[in-house]
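Observations on chain architecture
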Amino acid sequence: MNRKNFFTKFSLAVLGLTLIKIRPVKFSRGKSVTDSSPVKIKVNKLAVKREKAGVKNV
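Okay, so let's go over this structure. The model shown is predicted, which means the values in this text are computed figures rather than measured ones.

1. Concerning the overall build of the chain
On a plain count of helices and strands, the chain comes out with one helix and zero strands. Per-residue burial over the chain gives 0% buried out of 58 residues. Per element, the accessible surface of the chain, about 6,800 Å² overall, is 63% carbon and sulfur.

This is the structure we're talking about:
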């Protein structure tokens, strides 16, 4: 590989990495998290309730 070919490929690689850092592209676009239904959280009724630090709640 001659020097001109090496520096051409190297500069294109650096330019490509810079563009990816500035504007990332998702190659495998699947179902995104925002498209799905919101997460539902259930409070465990048997859980110990924490009120104040230092107080034994057990």
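2. A word on the packing of aromatic side chains
Per the counting criterion, the structure on display carries two aromatic pairs. When the ring of Phe 6 is compared with that of Phe 7, the centres are 5.1 Å apart and the planes differ by 70 degrees; the resulting orientation is edge-to-face. On the basis of relative accessibility, which here comes to 42%, the residue Phe 6 falls in the partly exposed class. Exposure remark for Phe 7: the relative accessible area of 45% places this residue in the partly exposed category. Ring geometry for Phe 6 versus Phe 10: centroids 6.1 Å apart, planes at 15 degrees, classification stacked. Taken as a pair, Phe 6 and Phe 10 lie in helix α1 (residues 3-22) at a separation of four residues, close to a single helical turn.

3. Focus on a nonpolar patch on the surface
Together, Met 1, Phe 6, Phe 7, Phe 10 and Val 14 make up an exposed nonpolar region whose accessible area comes to about 560 Å². With respect to the helices and strands, Met 1 occurs in the segment before α1.

Cut-offs used in this document
- Residues numbered from 1 in each chain as written.
- Predicted model: local features only at pLDDT ≥ 70, side-chain atom pairs only at ≥ 80, totals over all residues.
- Heavy atoms only, no water.
- Helix = DSSP H or I, 4+ residues; strand = E, 2+ residues; numbered from the N terminus.
- Buried < 20%, exposed > 50% of the residue type's maximum accessible area, 1.4 Å probe, protein only.
- Areas by Shrake-Rupley, 256 points an atom, 1.4 Å probe, with all protein chains shown as cover.
- Phe/Tyr/Trp six-rings, centres within 6.5 Å; stacked < 30°, edge-to-face > 60°.
- Patch = residues over 30% accessible without salt bridge, like charges linked within 9 Å, V, L, I, M, F, W, Y side chains within 5 Å.
- Salt bridge = Lys/Arg side-chain N within 4 Å of Asp/Glu carboxyl O.

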